[in-house]
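Residue-level structure breakdown
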Amino acid sequence: MELEVRHLRALCAIADAGSLHRAARQLGVAQPTLSTQLARIEQALGGPLFTRERTGCRPTPLGRTVLGRARPLLADMRTLVREARAAAAGGDSRLRVGSTASRALAGWLRRLRQPGLEPTLQMDVSANALLRRVSEGQLDVAFVHEVEGCPLRVPEGLRLRVLVEREPQFVMLPADHPAATRSVVRLADLADDRWMVDPTVDGEWDGVHRVLRAVGLNPRVLHGDYHTAASLVATGEVVTVCQPSSQSRPDMAVRRLSGDPLGVRLLLAARTRAELDAVYPALEEAYWEAARQSTAYREWLEHAGPRLVPTR
């Protein structure tokens, strides 16, 4: 049997999913079919590529060697197809952008759009998933955040550029909350509130839990996404951590947390330095534009702004 691109894609799916069952579901095939295909691939290559355990599949040393060669090959194949399609369409090229949630996105995409270049966007709450897609050639660049104390898993070979070394996280609370009358809120002021956290965001629950525990708080916690959190804040049900560029509304207030206990690092990732250089200036400009539209963040920047500037 000769190896084909589909075989390499199956091996990478098994490694990323960590089990044949999850990989088969992602690939849209039956698990027995994928198991048979893996056995044929292993026979063709002369040895087992994965160890089967109760908790899933792990690459063997041979498997890691094969995966190390397979991933760049798949990335090159995707690039070839993308460039060929662009050429067939008359030279129109698409820039594949990935991002976690950010108010800078609209301005960034607007600045990237130009004749012959159309950015596409893929959002994901998982920064690690976006970094993996850049590494595998599914995305060209990704703008992600890394929660303080919860390092991201950066694939080997990716280039990173820091946009903000430490962006403070603020708190969003109901407009009629007693603490909303102050521009700076202490965590102790929120001891009796329910909090909402999105556990699918890499590092968010760990970071928030660490900060609350450090001041002796163990509040009731609900799980939900950003949109649900905002809706429940507006009705007085919860408080939640938010990006400092979030803007207050008549029914909710965005306030700085005393001491800035929680921060994130904002990163841009690509496979090459040239790709970073091509899109970073537009992102930097869009970020600061969005930052200054938030009253709370603008006031914070007037006093602490220089601490945000990364060292190049």
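Residues numbered from 1 in each chain as written. Predicted model: local features only at pLDDT ≥ 70, side-chain atom pairs only at ≥ 80, totals over all residues. Heavy atoms only, no water.

1. Description of the pattern of salt bridges
- For the structure on display, the rule yields 21 salt bridges.
- Between E289 and R110 there is a salt bridge, and its shortest N-O distance comes to 3.4 Å. On the criterion of sequence distance, the pair formed by E289 in helix α9 (residues 273-291) and R110 in helix α5 (residues 105-112) is long-range, its members being 179 residues apart.
- Taking relative accessible area as the criterion, E289 reaches 33% and is therefore assigned partly exposed.
- The exposure class assigned to R110 is partly exposed, which follows from its relative accessible area of 46%. (Salt bridge = Lys/Arg side-chain N within 4 Å of Asp/Glu carboxyl O. Helix = DSSP H or I, 4+ residues; strand = E, 2+ residues; numbered from the N terminus. Buried < 20%, exposed > 50% of the residue type's maximum accessible area, 1.4 Å probe, protein only.)

2. Remarks on the side chain of E146
- With respect to the helices and strands, the residue E146 is situated in strand β5 (residues 141-147).
- Since its relative accessible area comes to 13%, E146 is described here as buried.
- Those residues in contact with E146 that lie beyond four places of it in its chain are P151, L152, G263, V264, R265 and L267. (Contact = heavy atoms within 4.5 Å.)

3. Some thoughts on the sheet that holds strand β8 (residues 184-185)
- If you walk across this open sheet you meet the 4 strands as β8-β12-β7-β11, and the pairing is mixed. The sheet terminates laterally at β8 and β11 (240-242), the two strands that pair on one side only.
- Where strand β7 (residues 170-174) meets β11, 3 bridges bridge the pair, whose relative direction is antiparallel. Residue pairing for β11: V171 is matched across the bridge by V241. (Pairing = 2+ DSSP bridges.)

4. A word on the packing of aromatic side chains
- Counting across every chain of the model gives 4 aromatic pairs.
- When the centroid spacing of 6.1 Å and the interplanar angle of 80° are considered together, the rings of F170 and Y297 count as edge-to-face. Taken as a pair, F170 in strand β7 and Y297 in helix α10 (residues 295-304) lie far apart in primary sequence, 127 residues in all. For the pair F170 and Y297, one class covers both residues: buried.
- Centroid distance Y287 to W288: 4.9 Å. Interplanar angle 80°. Geometry classified as edge-to-face. Take Y287 and W288: they sit in the same class, and that class is buried.
- What links up through ring pairs into an aromatic cluster is the set F170, Y297 and W300.
- Positioned above the aromatic ring of Y280 is the side chain of R161, whose terminal nitrogen or guanidinium carbon lies 5.0 Å from the ring centre. (Phe/Tyr/Trp six-rings, centres within 6.5 Å; stacked < 30°, edge-to-face > 60°. Lys NZ or Arg CZ within 6 Å of the ring centre and 35° of its normal.)

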